[in-house]
Amino acid sequence: MKKLGILFIALVGFGVSSYGQVSKNGTATATVFTPITLTADRNLAFGKFSAGASGGTVVIVNHAGGERSATSTVSLATSTSSSAKFSVGGEGASDYAITVPATATIT
């Protein structure tokens, strides 16, 4: 009988609801921003050239016409060239940076 009484107390104790619950209201805030987008509008094109005996540089002017110049023994052949152009979109007044190496070697 003693075991039955403990079992009864245990079952009743777990079945009783608590009426001492408290709830509070609060405020949550969030800022949803537009992710940055990068679109290639025009590809970089060096055009045709010959490196010559000691090489050199080919420089593309930053506009759609792609005017270019060469140094050292580089010879430019008649061809189409252009600078690259990208459009950047996203949240206004956001910072971004595009970095490129100072020089590149083509072999």
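All of the points below concern the structure found in this document.

It is worth spelling out the overall build of the protein chain at this point. Helix and strand counts for the protein chain come out as one helix and six strands. Out of the 107 residues belonging to the protein chain, those deemed buried represent 8%. Sequence-distant contacts, at least 24 apart, represent 46% of the contacts inside the protein chain between residues at least 6 apart. Entry remark: accessible area of the protein chain is about 9,400 Å², with carbon and sulfur atoms responsible for 59%.

Glancing now at the side chain of R68. Among the structural elements, R68 can be located in strand β4 (residues 68–70). Here R68 occupies a buried position and makes no salt bridge, while the nearest side chain of opposite charge, E67, is found at 10 Å. Among the polar contacts listed, one links the side chain of R68 to the backbone oxygen of F46, at a separation of 2.8 Å. A polar contact is formed between the side chain of R68 and the backbone oxygen of K48, at a distance of 3.1 Å. Excluding residues within four positions of it along the chain, R68 makes contact with F46, G47, K48, V59, I60, L76, A77, T78, S79 and S81.

Let's shift gears to unusual backbone geometry. In this structure, S72 takes a positive phi of about 60° despite not being glycine. With respect to the helices and strands, S72 occurs in the loop between β4 and β5 (75–76). Phi is positive for A93, which is not a glycine, with a value near 65°. Counting through the fold element by element, A93 comes out in the segment after β6 (85–89). You can call A93 exposed: its relative accessible area is 85%.

Right, let's get into the environment of A64. With respect to the element layout, A64 can be found in the loop between β3 (58–60) and β4. Every residue in contact with A64, bar those within four places of it in the chain, is listed here: R42, S81, S82 and S83.

Structurally, G52 can be placed in the loop between β2 (49–50) and β3. Overall, the relative accessible area of 43% leaves G52 in the partly exposed class.

Taken together, the side chains of I36, L38, F86, V88, Y96, I98 and V100 present a nonpolar region at the surface, about 740 Å² in accessible area. Locating F86 in the fold gives a position in strand β6. The exposure class of F86 is partly exposed, given its relative accessible area of 46%.

Reading the values: the criteria
Residues numbered from 1 in each chain as written. Predicted model: local features only at pLDDT ≥ 70, side-chain atom pairs only at ≥ 80, totals over all residues. Heavy atoms only, no water. Helix = DSSP H or I, 4+ residues; strand = E, 2+ residues; numbered from the N terminus. Buried < 20%, exposed > 50% of the residue type's maximum accessible area, 1.4 Å probe, protein only. Contact = heavy atoms within 4.5 Å. Areas by Shrake-Rupley, 256 points an atom, 1.4 Å probe, with all protein chains shown as cover. Lys, Arg positive; Asp, Glu negative; His and termini not counted. Salt bridge = Lys/Arg side-chain N within 4 Å of Asp/Glu carboxyl O. Polar contact = N/O pair within 3.5 Å; in protein donor to acceptor, adjacent residues only side chain to side chain. Patch = residues over 30% accessible without salt bridge, like charges linked within 9 Å, V, L, I, M, F, W, Y side chains within 5 Å.

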